[in-house]
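# Secondary and tertiary structure notes
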Amino acid sequence: MARSRVRLQVVQGVFAIALLALLVRAAQVQILQGARHAATARAQRTERKEIPARRGALLDRNGTPLALTRKTHHVNLARREMVHPDSVIRLLVRYLGVSRRQARREVADSFGYLHGPFNSLEVEPLQGVPGVHVSEPELQRHYSDPELARAVIGRPAEPGRPASGLERILDSLLTGRPGSSVVLHDRLGNDIESPIGPRALPVAGHTVFLTIDARAQEIAEWLLQDGVEQYEASGGDVVVLDPKTGEILAVASVDARGRSTADAFTSQFEPGSTAKLFLAAALMEHGLARETDSVWAEEGVFQLGGRVIHDEHPSGWLTLAGVIEQSSNIGIAKFAERLSAERQFGMLRDFGLGAPTGVEYPSESGGRLWKPHQWSGTTPASLAMGYEVAVTALQLAQAYGAIANDGVMLQPTLIREVRSPDGRTIYRHVPEPVRRVLTPEVARALRAMLHGVVYRGGTARNAALTSYELAGKTGTARRAGPGGYVPGAYYANFAALFPADDPQLVMVVKLVDPEGGYARLSAAPLTRAMVEQLLAARSGVLDRSRLAVAEAGEGSEAAIDAGTVPYVVEWPLSEIPDTLSPRRVPDVVGRPLRDAARRLHEAGLRVRVVGWGVVRSVEPRPGTTVEPGSLITVRASERR
């Protein structure tokens, strides 16, 4: 009996100790470590996720979208969940634009996948269809025309690829502020909707209006590409600038393979005779010569030190204006003797040569201009002829912009306006003078010389218009290579002001190694074609209230009476199609949408567009005979 009582007491003691240990442990877990365990439980039950912000839009000066951010989706297919697989195939073909063969292949798999990406309108009819699972939306950068101003706009950074162009330089403005949300998990780890919603809403990036005009940009790119092919050049640049504001209205560059580049900002070249105007400006600004002063042009051959200078058009006595009009190397070299090295260098520097323009573009080249103590005995003559100095197409446009703007040089820009996500304008471009380069009187005299280059028997007769008057200067320079100047290789460029009396546009066209070499045979007529197309397109880059139809200048082939609408033709010249006879629908499948629309319009047909990107189908089918003016439905998508 006594032994049983002892056993009972032992058991009771053990239970008491166990209960005490349990109470101590419970106190430790719930009181001492309660906060830590509660945090662990919350972390396992909830997850904080980042909500990406929409990247800001890039628009042209008129609000035309160039780069947008939109929501896209992917589509997953589960074969076992489908009730009517054939119906799913028809839906995929109709709304997603995939081929019937691809749709059948993906539906036949146990788990099919269509990457797309597809927009919200395309996937909306598929929501709720058994066996079709539309992914959560993802933000993706979208370009309305992926090739338009591609090198200028650039692309944002992606894994394995750095940012470029304006997407890079404006990244801090375009990048929004991401939001955050809390996602709840059940005991199996599945996501369930949080009742409290997002903790912080995302804030979209700023909207940036560029100075570029989309229509003018299209014209510049089309004509530059056509010009490179027409003159068998290995590349070229075009810059269109508003001299009153410094805004870049169009800029395009292509290389030997026809690819879009940023050479107008980054590639430097010796300008040749377009630089002769800078020496004339220095002489007139310092009172060392007037446009009527003359020099003996040696009948085309002149020895300067150990160097022989030739003129393409041998002449005797030439005035300073005549030297510019005839582009006389001998005449400009002789006029250069009146100018000190310091004054010559100072004027070239005032025109912006040898220094970056400061435009909003990464890696802009500053060109090349040696200081006077680095010059040789023939450097002044070389600089006067446009050698031993290197510029970019944009630098040359900025310099001629000062002449067009009565002697005041403006800062070139690609940014016209910036708006915050709530629509407030936080920046609007105001013309920013860099310096006064010339007096208004000298600037007007130089414009008169440039007018003579085109209309008084000068080197740019091929640029003359029969309606409005254009002023400009040709420049042809030998192209240097690693071992010196390359035989038969040239830069041909033309700097133009339009219209001549009250310039609204400064245009620089440069071609690399064009057939025939000379700018008067290539860059000058290409500039004329560009002005004609801008007039024909009724582009907003020209203020037509300031344009006055004047009689053609001396040297033009015909005059147009005041009030007559100028006749503008397509370039390159093509036969005008018969407007009454039926015609076949051109095959534009696989072409970019803008190119396809242009070809259909040229065929005298109307166009209805569905989608964007590359043309996938045309109704009626290509080759079908239709009446002029018939409506053609073009379906396009971005998927290649």
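The text that follows walks through the structure, step by step, so that each part is easy to find. Quick caveat, the model's predicted, so the values are computed rather than measured.

### Quick look at the sheet that holds strand 23 (residues 471-481)
In space, the five strands of this open sheet follow the order 12-11-25-24-23, with antiparallel pairing throughout. Looking at the sheet topology across the chains shown, the edges are occupied by strand 12 (248-254) and strand 23. The average undirected angle you get between the axes of adjacent strands in this sheet is 10 degrees. Packing of helix 18 (residues 523-536) onto the sheet brings it into contact with strand 11 (236-241), strand 23, strand 24 (484-498) and strand 25 (505-512), and relative to strand 25 it is tilted by some 135 degrees.

### Things to note about the pattern of salt bridges
One pass over the full model with this rule turns up 22 salt bridges. Here Arg447 makes a salt bridge to Asp406, at a shortest N to O gap of 3.1 Å. Taken together, the residues span a long stretch of sequence, with Arg447 in helix 17 (residues 440-455) and Asp406 in the loop between helix 16 (393-404) and strand 19 (408-410) at a distance of 41 residues. Through salt bridges that share partners, Arg55, Arg141, Glu167 and Asp171 make up one connected network.

### Some remarks on the pairing of strand 12
Along any regular strand, the residues point their side chains to alternate faces of the sheet. For strand 12, the buried fraction is high: seven of the seven residues fall into the buried class. Relative to strand 12, strand 11 is paired through six bridges, and the arrangement is antiparallel. Bridged to Gly236 within strand 12 is Val254. Hairpin remark: strand 11 followed by strand 12, antiparallel, with six residues in the connecting loop; positive phi at Gly246, about 80 degrees.

### Focus on the nonpolar core
Counting 139 residues, the largest nonpolar core has Phe265, Phe351, Tyr400, Leu438, Leu446 and Leu470 as its most contacted members. Core analysis: the second largest hydrophobic core is formed by 18 residues, Leu77, Val88, Ile89 and Leu92 among them.

### Some words on the side chain of Asp213
Mapping Asp213 onto the fold places it in the loop between strand 10 (207-210) and helix 9 (214-230). One buried charged side chain, Asp213, makes no salt bridge at all; its nearest oppositely charged neighbour is Arg61, positioned 5.0 Å away. One polar contact links the side chain of Asp213 to the main-chain amide nitrogen of Ala216, over a distance of 2.8 Å.

### Concerning the environment of Asn62
Relative to the helices and strands, Asn62 is located in the loop between strand 2 (58-59) and strand 3 (65-78). Separated by 478 residues in sequence, Asn62 and Gly540 place their C-alpha atoms 8.5 Å apart. A polar contact is formed between the side chain of Asn62 and the side chain of Asp213, at a distance of 2.8 Å.

### Comments concerning helix 18
Each turn of an α-helix holds 3.6 residues, which means side chains three or four residues apart point in the same direction. Over its 14 residues, helix 18 extends 20 Å from the first C-alpha to the last, a length consistent with the 20 Å expected when each residue adds 1.5 Å. Of all 14 residues in helix 18, twelve are buried, a share of seventy percent or more. Looking only at helix 18, the buried set comprises Ala523, Ala524, Pro525, Leu526, Thr527, Ala529, Met530, Val531, Glu532, Gln533, Leu534 and Leu535. Packed against the buried residues of helix 18 are helix 9, strand 11, strand 23, strand 24 and strand 25.

Parameters and conventions
Residues numbered from 1 in each chain as written. Predicted model: local features only at pLDDT ≥ 70, side-chain atom pairs only at ≥ 80, totals over all residues. Heavy atoms only, no water. Pairing = 2+ DSSP bridges. Helix = DSSP H or I, 4+ residues; strand = E, 2+ residues; numbered from the N terminus. Axes fitted to C-alpha atoms, helices over the stretch in contact; angles between N-to-C directions. Contact = heavy atoms within 4.5 Å. Salt bridge = Lys/Arg side-chain N within 4 Å of Asp/Glu carboxyl O. Buried < 20%, exposed > 50% of the residue type's maximum accessible area, 1.4 Å probe, protein only. Core = buried A, V, L, I, M, F, W, Y, C linked by side-chain atoms within 4.5 Å. Lys, Arg positive; Asp, Glu negative; His and termini not counted. Polar contact = N/O pair within 3.5 Å; in protein donor to acceptor, adjacent residues only side chain to side chain. Expected span 1.5 Å × (residues − 1).

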